[in-house]
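Below are the chains, spelled out letter by letter.
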Amino acid sequence: MIQNRFKSDKKEEASPLKEKKKKKAKSLKTNKFSESIGKFKLFFQNEKTHQISGLFFILFSAYLLIAFTSFIFTWKVDQSKVELPFSEFMFNSEILVENWLGKIGAFLSHLFITGWFGISAFVFVGLFFLLGFRILFKINLLPPKKTITTSAFIIFWLSIFFGYFFTDQLYFLGGAVGFEANVFLKSILGSLGSGILIFFVFAIFLVLNFNISNLLKYSFSKIESQEDLSSSQTSADKSENVENSDRPTQEKKSNEDSLSSFDHKEEEVTNEKEPT
């Protein structure tokens, strides 16, 4: 009994020591984590880091633009090569591609266009450029929230739109996202129903982002003003034609009057000469 009590007392004394050690270890871990986060923040708050990252995004947008443009002309030649395993495609020097920016350009353009969003992947070029310009010069060329939401809608809607109309040779216009989305929509709504839904969603987007009534009023007012201008021009042309048609008659009348006045003067001269 005495030995058991002694052992229990030792355990009670050892337990607070273990808790203290655990607390110290936890505090050390939290301090290290906070220090690493602080260093991470300082790295991204550094002005040189901002300049380098801004330049990177601007150059990356230019790189994507060239790669995507080249893809439109060279995708048929490069497609079978890009679909090989990544290590074999990249590190086999015997495999050559026609893309203007080499294997990386062919891989990225195939990934963004064929593998993801189709031709609407060109929107990423503008987004990366705007992001780099914002980081580098601290200037927003466009409102960020509206630009992101509008760009996201355009990327997905154009992908689904082109995927609806192009399914065979020009499959890349809609990409994998457009193709799979149309397969799903056609299985539920059918071909006609999915087409109506696509245009209906686009109409909702226009209503939410633009004042269509004002646009229609403006367009109709322009049409009316053009019609008024055309009618005024036609009336002016008619009046000019009438004036031009009246000019010869007036000239004839003036010539006849001048001739009659001349004859009258001759008669007077002859009458004056006769009494003599």
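Here goes a summary of the coordinates provided. (Residues numbered from 1 in each chain as written. Predicted model: local features only at pLDDT ≥ 70, side-chain atom pairs only at ≥ 80, totals over all residues. Heavy atoms only, no water.)

Here's the deal with the overall build of the protein
Part 1 of the argument: Helix and strand counts for the protein stand at eight helices and zero strands.
Part 2 of the argument: When its helices and strands are written in sequence order, the protein yields α-α-α-α-α-α-α-α.
Part 3 of the argument: For the protein, buried positions account for 22% of its 276 residues.
Part 4 of the argument: Taking all contacts inside the protein whose residues are at least 6 apart in sequence as the whole, residues at least 24 apart take part in 65%.
Part 5 of the argument: Element-wise, carbon and sulfur atoms account for 65% of the exposed surface of the protein, whose accessible area totals about 20,700 Å². (Helix = DSSP H or I, 4+ residues; strand = E, 2+ residues; numbered from the N terminus. Buried < 20%, exposed > 50% of the residue type's maximum accessible area, 1.4 Å probe, protein only. Contact = heavy atoms within 4.5 Å. Areas by Shrake-Rupley, 256 points an atom, 1.4 Å probe, with all protein chains shown as cover.)

Describing the side chain of T147
Part 1 of the argument: If you trace the backbone, T147 turns up in helix α6 (residues 144–165).
Part 2 of the argument: Residue T147 is classed as buried on the basis of its relative accessible area of 14%.
Part 3 of the argument: T147 has contacts with L127, L130 and L142, leaving out every residue within four places of it along the chain.

Section: the nonpolar core
Part 1 of the argument: Ranked by size, the top nonpolar core spans 24 residues in total, and within it L64, F68, F112, I113, A121, F124 and F172 carry the most contacts.
Part 2 of the argument: Where this core is concerned, the elements lending two or more residues are α2 (47–82), α4 (102–117), α5 (122–137), α6 and α7 (175–209).
Part 3 of the argument: The element best represented in this core is α6, accounting for six residues.
Part 4 of the argument: Beyond its immediate stretch of four places on either side in the chain, L64 contacts L108, F112, V125 and F128.
Part 5 of the argument: Counting six residues, the second-largest nonpolar core is a separate cluster that includes V82, F89, I95 and V97. (Core = buried A, V, L, I, M, F, W, Y, C linked by side-chain atoms within 4.5 Å.)

Quick word on the packing of α2 against α4
Part 1 of the argument: At a minimum axis separation of 7 Å, α2 and α4 run at an interaxial angle of 90 degrees. Of the possible angle classes, the one that applies to α2 and α4 is roughly perpendicular. On the side of α2, the interface is formed by F60, Y63, L64, A67, F68, F71, D78, Q79 and V82, while α4 contributes I104, G105, A106, F107, L108, S109, H110, F112, I113 and T114.
Part 2 of the argument: A per-class count over the contact of α2 with α4 returns 13 nonpolar, five polar and one charged. (Axes fitted to C-alpha atoms, helices over the stretch in contact; angles between N-to-C directions. Parallel < 35°, antiparallel > 145°, perpendicular 65-115°, else oblique. Nonpolar A, V, L, I, M, F, W, Y, C, P; charged D, E, K, R; others polar.)

Side note on α2
Part 1 of the argument: With 36 residues, α2 should cover 52 Å at 1.5 Å per step; its first-to-last C-alpha distance of 38 Å lies more than 12% under that length.
Part 2 of the argument: The sharpest bend along α2 comes to roughly 85 degrees, located at T74. (Expected span 1.5 Å × (residues − 1). Bend = angle between axes of the 7 residues up to and from the residue.)

Some points on the packing of aromatic side chains
Part 1 of the argument: Going through the model one piece at a time under the given rule, you end up with 28 aromatic pairs.
Part 2 of the argument: An angle of 15 degrees between the planes, with centres 5.0 Å apart, marks the rings of W157 and F161 as stacked. In this pair, W157 and F161 both sit in helix α6, four residues apart, roughly one turn of the helix. The same class applies to W157 and to F161, which are both buried.
Part 3 of the argument: Above the face of the F89 ring, K103 is positioned so that its terminal group lies 5.9 Å from the ring centre. (Phe/Tyr/Trp six-rings, centres within 6.5 Å; stacked < 30°, edge-to-face > 60°. Lys NZ or Arg CZ within 6 Å of the ring centre and 35° of its normal.)

Looking at unusual backbone geometry
Only a minority of non-glycine residues have a phi that is not negative, and only a minority of peptide bonds are not trans.
Part 1 of the argument: The phi dihedral of K138 is positive, around 60 degrees, even though this residue is not glycine.
Part 2 of the argument: For K138, the location among the structural elements is in the loop between α5 and α6.
Part 3 of the argument: Classification of K138 by relative accessible area gives exposed; the value is 59%.

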